[in-house]
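Structure at a glance
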Amino acid sequence: MNKNLVIISILGAITIVLGAFGAHALKEVLTVDELKSYETAVKYQMFHIIVLLIVNTYTGFNLKNKNVISFLFLAGILFFSGSIYAITLGVSPKNIWFITPLGGLLFIIGWLKLAYSFLKIKKE
């Protein structure tokens with residue numbers, strides 16, 4: 001069993017739930033800007049879930065590469081999207097201002113690791 005694929009699939013389902021929650025339950029509660037931020041968090045989460053599915057089913061990467069890329073993207077989702085969800089739902093941005101850009105940095109590092117992994121395969 002590929003535990004990464006199980007976790008990613010569950011996160012995909014959670015992403016749909018969060019998107020529906022934002023579209024329905026938060027529509028009347030949040031300002032337009034807050035709702036846009038929330039939607040951005042959901043979009044980034046889903047984009048990275050899809051990439052994680054591809055990475056973890058791609059046979060050209062070894063397990064170590066899959067795990068490193070998965071960790072970077074999952075941590076990016078937690079920090080980037082998670083902090084936006086928290087801010088949108090009432091946590092003061094002053095308390096967690098540094099977490100969102102840290103999540104973005106983890107996404108960038110994950111994408112660079114992915115690119116490096118593809119380059120390394122081409123050389124072999």
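Computed from a predicted model, the values in this text were never measured in an experiment.

Rules of the game
Numbers given to residues run from 1 along each chain, matching the order in which its sequence is written. It should be noted that, the model being predicted, local features are given only for residues of pLDDT at least 70 and side-chain atom pairs only at 80 or more, the latter also being counted only at that level, while totals for whole chains, interfaces and linings use all residues. Only heavy atoms go into the side-chain values, all of them from the structure, while hydrogens and water stay out. A run of H or I in DSSP counts as a helix once it spans at least four residues, and a run of E counts as a strand once it spans at least two, with each numbered from the N terminus. Burial classes follow relative accessibility: with a 1.4 Å probe on protein chains only, a residue under 20% of its type's maximum area counts as buried, one over 50% as exposed, and anything between as partly exposed. Between two residues, a contact is recorded if the distance between any of their heavy atoms is within 4.5 Å. In this analysis, axes come from line fits to C-alpha atoms, helices being fitted only over the stretch in contact, and the angle between any two N-to-C directions falls in the range 0 to 180 degrees. Roughly parallel refers to an angle under 35 degrees, roughly antiparallel to one over 145, roughly perpendicular to one between 65 and 115, and oblique to any angle outside these ranges. Throughout, a crossing is termed right-handed when the near helix is turned clockwise from the far one, and left-handed when it is turned anticlockwise from it by less than a right angle.

The subject of this paragraph is the environment of Asn65. Note on placement: Asn65 falls in helix 3 (residues 63-88). Residue Asn65 is classed as buried on the basis of its relative accessible area of 12%. It is 21 Å that separates the C-alpha atoms of Asn65 and Leu102, two residues lying 37 residues apart in sequence.

A word on the side chain of His48. By the secondary structure assignment, His48 is in helix 2 (residues 32-57). Not counting residues within four places of it along the chain, the set of residues in contact with His48 comprises Phe73, Ile77, Phe107 and Trp111.

As a packed pair, helix 1 (residues 3-24) and helix 2 sit with axes 9 Å apart at the nearest point and diverge in direction by 160°. Here helix 1 is positioned roughly antiparallel relative to helix 2, judged by the angle of their axes. Pair helix 1 / helix 2 crosses with left-handed handedness. For the pair helix 1 and helix 2, the contacting residues are Asn4, Leu5, Ile8, Leu11, Gly12, Ile14, Thr15, Ile16, Leu18, Gly19, Phe21 and Gly22 in the first and Leu35, Tyr38, Val42, Gln45, Met46, Ile49, Leu52, Leu53, Asn56 and Thr57 in the second.

It is worth stressing that arrangement in space is one thing and function is another; only the former is reported here.
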